[in-house]
Amino acid sequence: MTVMIASALAAPTGAIDHHRLLPALDAAARASADAHDVTRALTDTVLACQHLPAEVYQYAPHLSQATEALTAASRTLTTVTGYATANPMPDNVHALHRATAELAAATAALRYQTAALATAAAWHNTPAALSPSQRATSTFRRSSLV
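Residues numbered from 1 in each chain as written. Predicted model: local features only at pLDDT ≥ 70, side-chain atom pairs only at ≥ 80, totals over all residues. Heavy atoms only, no water.

(A) Local environment of the overall build of the chain. The helix and strand inventory of the chain stands at five helices and zero strands. The helix and strand sequence of the chain, counted from the amino end, reads α-α-α-α-α. Burial analysis of the chain (146 residues in total) assigns 29% to the buried set. Residue pairs in contact within the chain that sit at least 24 positions apart in sequence constitute 82% of those at least 6 positions apart. (Helix = DSSP H or I, 4+ residues; strand = E, 2+ residues; numbered from the N terminus. Buried < 20%, exposed > 50% of the residue type's maximum accessible area, 1.4 Å probe, protein only. Contact = heavy atoms within 4.5 Å.)

Rendered as structure tokens:
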């Protein structure tokens, strides 16, 4: 019985999709690097906001959800990459494409929330001596972030 299991693992049934695995792994690596860059930008933005009042975070209302989604998508991509690398069957390569797309979507959502927070922080740090027209423009920009 053990020999059958070992031989089944050594010689998987079905078509092996090596020619599609490498491009899928490249795309996954690029998506992972992009997620890392966005996470670094979020860290820098949060550090820049540490001396600002907590209300600045109201302009990035989905920040924690976007961070959680990025973490989950990153973990999923790591797991699926392991499966696809160990057994490059078409279903596993397709799952790798899906996991990469999910990470890209989560990265985009976090990038948007990070930009909203950075903009709110910059707006909060503007001098109080703005003209009425500048205040109206700043208020419009601030309200469009939510």
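(B) Inspection of the pattern of salt bridges at higher detail. A full pass over the atoms with the stated rule returns one salt bridge. Linking Arg111 and Asp34 is a salt bridge whose minimum nitrogen-to-oxygen distance equals 2.6 Å. Here Arg111 is found in helix H4 (residues 90-124), whereas its partner Asp34 is found in helix H2 (residues 18-48), with 77 residues between them in sequence. Taking the relative accessible area as the measure of exposure, Arg111 reaches 37% and is therefore partly exposed. By relative accessible area, Asp34 is classed as partly exposed at 30%. (Salt bridge = Lys/Arg side-chain N within 4 Å of Asp/Glu carboxyl O.)

(C) Up close: the nonpolar core. Counting 30 residues, the largest nonpolar core has Leu96, Leu103 and Leu110 as its most contacted members. Mapped by element, the contributors of at least two residues to this core are H2, helix H3 (63-86) and H4. Of the residues forming this core, the biggest block, 11 residues, is contributed by H4. Apart from residues lying up to four places away in sequence, Leu96 is in contact with Leu21, Ala24, Leu25, Ala28, Leu77, Val80, Thr81 and Ala84. (Core = buried A, V, L, I, M, F, W, Y, C linked by side-chain atoms within 4.5 Å.)

(D) Fine view of the environment of Pro90. Along the chain, the position of Pro90 falls in helix H4. Pro90 sits 69 residues away from Leu21 along the chain, and the two C-alpha atoms are 8.9 Å apart.

(E) Quick peek at the packing of H3 against H4. Relative orientation of the contacting elements H3 and H4 amounts to 160°, with a least axis distance of 8 Å. One finds that H3 runs roughly antiparallel with respect to H4. Here H3 and H4 pass one another in a crossing that is left-handed. Counted by class, the contact of H3 with H4 contains 17 nonpolar, eight polar and one charged residues. (Axes fitted to C-alpha atoms, helices over the stretch in contact; angles between N-to-C directions. Parallel < 35°, antiparallel > 145°, perpendicular 65-115°, else oblique. Left-handed = near helix turned anticlockwise from the far one by under 90°. Nonpolar A, V, L, I, M, F, W, Y, C, P; charged D, E, K, R; others polar.)

(F) Molecular detail of the packing of H2 against H4. For the pair H2 and H4, interaxial distance at closest approach is 9 Å and the crossing angle is 20°. Put simply, H2 runs roughly parallel to H4. In this structure, H2 crosses over H4, and the sense of that crossing is left-handed. A per-class count over the contact of H2 with H4 returns 17 nonpolar, seven polar and three charged.

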